[in-house]
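Listed below, chain by chain, are the residues.
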Amino acid sequence: MTDKQLEVIMNLVADKFEGCKDMEEVRKAIQEVREMAKKERSE
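What counts and what doesn't
Residues numbered from 1 in each chain as written. Predicted model: local features only at pLDDT ≥ 70, side-chain atom pairs only at ≥ 80, totals over all residues. Heavy atoms only, no water. Axes fitted to C-alpha atoms, helices over the stretch in contact; angles between N-to-C directions. Helix = DSSP H or I, 4+ residues; strand = E, 2+ residues; numbered from the N terminus. Parallel < 35°, antiparallel > 145°, perpendicular 65-115°, else oblique. Left-handed = near helix turned anticlockwise from the far one by under 90°. Contact = heavy atoms within 4.5 Å. Nonpolar A, V, L, I, M, F, W, Y, C, P; charged D, E, K, R; others polar. Salt bridge = Lys/Arg side-chain N within 4 Å of Asp/Glu carboxyl O. Buried < 20%, exposed > 50% of the residue type's maximum accessible area, 1.4 Å probe, protein only.

Chemist: Before we go on, may I ask you to explain the packing of helix 1 (residues 3-18) against helix 2 (residues 23-42) in this structure?
Modeler: Each pair of packed helices can be described by the angle between their axes along with the distance between the axes. Taken N-terminus to C-terminus, the directions of helix 1 and helix 2 make an angle of 155°; their axes are 9 Å apart at the nearest point. Classed by the angle they form, the pair helix 1 and helix 2 counts as roughly antiparallel. Note that helix 1 runs across helix 2; the crossing there is right-handed. In this structure, helix 1 uses Val13, Lys16 and Phe17 to contact helix 2, whose residues at the interface are Val26, Ala29, Ile30, Glu32, Val33 and Met36. Residues that form the contact of helix 1 with helix 2 fall into these classes: 7 nonpolar, no polar and 2 charged.

Chemist: How should I be thinking about the pattern of salt bridges in this particular structure?
Modeler: Working definition: two side chains of opposite charge can pair if their charged atoms are close together. Under the defined criterion, the tally for this structure stands at 4 salt bridges. Of the charged contacts, one joins glutamate 7 and lysine 4 as a salt bridge, the two residues approaching to 3.9 Å between their closest N and O atoms. Linking glutamate 7 with lysine 4, this pair stays in helix 1, spanning 3 residues, or about one helical turn. Under the relative-accessibility criterion, glutamate 7 is labelled partly exposed at 42%. Here lysine 4 falls in the exposed class, since its relative accessible area comes to 54%. Between lysine 38 and glutamate 35 there is a salt bridge, and its shortest N-O distance comes to 3.7 Å. Of this pair, lysine 38 and glutamate 35 both sit in helix 2, 3 residues apart, roughly one helical turn. Since its relative accessible area comes to 49%, lysine 38 is described here as partly exposed.

Here it is in structure tokens:
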């Protein structure tokens, strides 16, 4: 993985958490990020 790819991934994760107002939304965001990671690995 290149530095640029890692930067893109980290920005996507940061954007996901930026909108969270409470821990429940954080948990949901974590689950969504994990689902995206699973999809990437399976392709």
